[in-house]
Amino acid sequence: MKCKGAIFDMDGLLFDTEVIYQQTWNEIAKEKGIHLPKEFVKAISGTNGSTMCHVIETYYGVSNGSKIQVDCMARMKKKLDMYVPKKSGVDEILQFFKENNVHLAVASSSGKSQIENNLKIAGIRTYFEKIISGTEVETGKPEPDIFLLAAEKIDCKPEECYVFEDSLNGIQAGYRAGCKAIMIPDLIIPTEQMKNLSYGIYDTLTRALNRIRKDFAAD
């Protein structure tokens, strides 16, 4: 079925920023004499708010993760104010959706001002009708709230929307929302669980677009 909407995660999906986030998390950990295990990547990716704080508290061994969360976001803002690297296939897939009158939204765990800033610096802000931040919903990924809100904002039913994600938390959220969740792996190797929840898994947005073209041709 040809979808009427497409909802994109941001970090690690539209932009090659997840690796910068992980470098920053480890930078802070090193300053505190902490070593973050490889499991931290999967645990923190796609989270925000209380869920992110809980992950920080678990891995940094602190009672309140909010200070480290604020520190990381402040450092990331400085880095991304200078340059936001786009992932392969971003312009191509956005242009395809625009030409086919598909409603587009960004649904990211990042703050709204950071999302706006990244999209503008990368030159793709005008493609998106709506921007939804994790701060706008009560519970973040892996709960479906952010994608349900995004679908509502672009006047589409969840089942009429593709969701593009790079993390397990994001794929779970897209699946629970009832969307067609497509995974473009970044730092996380897809597990059997991710494969079972995904509409498809592709190594780039360009390869995902090849599948989507078939969906539109078959409609």
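First, a word on what this report is: a plain description of the structure on this page. In this text the structure is predicted, and so the values were computed from the model without any measurement.

**Side note on the layout of surface pockets**
Phase 1: Counted as a void, the largest pocket has a volume near 460 Å³.
Phase 2: In this structure, the largest pocket is lined by 26 residues; those nearest its centre are Tyr21, Met52, Met73, Ser109 and Ser110.
Phase 3: Mapped onto the lining of the largest pocket, the elements with two or more residues apiece are α1 (18–31), α3 (49–60), α4 (66–80) and α6 (112–122).
Phase 4: Counting residues per element, the lining of the largest pocket draws most heavily on α4, which supplies four residues.

**What to know about the pairing of strand β5 (residues 180–183)**
Phase 1: Burial along β5 is two-sided: the residues Lys180 and Ile182 and Ala181 and Met183 are all buried.
Phase 2: Judged from the four bridges that link them, strand β4 (residues 161–165) and β5 form a sheet pairing that is parallel. Counterpart to Glu165 in the pairing with β5 is Met183.
Phase 3: In terms of handedness, the path from β4 via helix α8 (residues 168–177) over to β5 forms a crossover that is right-handed.

**Thoughts on the environment of His35**
Phase 1: You can see His35 is positioned in the loop between α1 and α2 (39–44).
Phase 2: Separated by 24 residues in sequence, His35 and Tyr59 place their C-alpha atoms 8.7 Å apart.

**Overview of α3**
Phase 1: For α3, built from 12 residues, the straight-helix expectation of 16 Å at 1.5 Å per residue is met to within 8% by its first-to-last C-alpha distance of 16 Å.
Phase 2: Among all positions of α3, only Met52, Cys53, Val55, Ile56 and Tyr60 are buried. Down the axis, α3 shows its buried residues gathered within 160 degrees of arc, on one side only. Pointing more than 90 degrees away from the buried face of α3 are the exposed residues Ser50 and His54.
Phase 3: In this structure, the buried side of α3 is in contact with α1, α2 and α4.
Phase 4: Where α3 ends, the next residue or the one after it, Gly61, has phi of about 65 degrees, a positive value.

**Here we look at the packing of aromatic side chains**
Phase 1: Counted by the stated rule, this structure contains 13 aromatic pairs.
Phase 2: The interplanar angle of 65 degrees and the centroid separation of 5.9 Å between the aromatic rings of Phe96 and Phe97 together place this pair among those described as edge-to-face.
Phase 3: Here Phe96 and Phe216 contribute two aromatic rings whose centre-to-centre distance is 5.2 Å and whose plane-to-plane angle is 75 degrees, an arrangement assigned as edge-to-face. Of this pair, Phe96 sits in helix α5 (residues 90–99) while Phe216 sits in helix α10 (residues 205–218), and the two are 120 residues apart along the sequence.
Phase 4: Judged by relative accessible area, which is 9%, Phe96 ranks as buried.
Phase 5: Accessibility expressed as a relative area gives 11% for Phe216, which makes it buried.

Cut-offs applied
Residues numbered from 1 in each chain as written. Predicted model: local features only at pLDDT ≥ 70, side-chain atom pairs only at ≥ 80, totals over all residues. Heavy atoms only, no water. 1 Å grid on protein atoms, 1.4 Å probe; cavity = no way out; pocket = protein on both sides within 12 Å on 5 of 7 lines; lining within 4 Å. Points joined across faces, edges and corners; volume = space filled by probe spheres on them. Helix = DSSP H or I, 4+ residues; strand = E, 2+ residues; numbered from the N terminus. Buried < 20%, exposed > 50% of the residue type's maximum accessible area, 1.4 Å probe, protein only. Pairing = 2+ DSSP bridges. Right-handed = clockwise from strand over helix to strand, strands pointing away. Expected span 1.5 Å × (residues − 1). Arc of directions from axis to C-beta. Contact = heavy atoms within 4.5 Å. Phe/Tyr/Trp six-rings, centres within 6.5 Å; stacked < 30°, edge-to-face > 60°.

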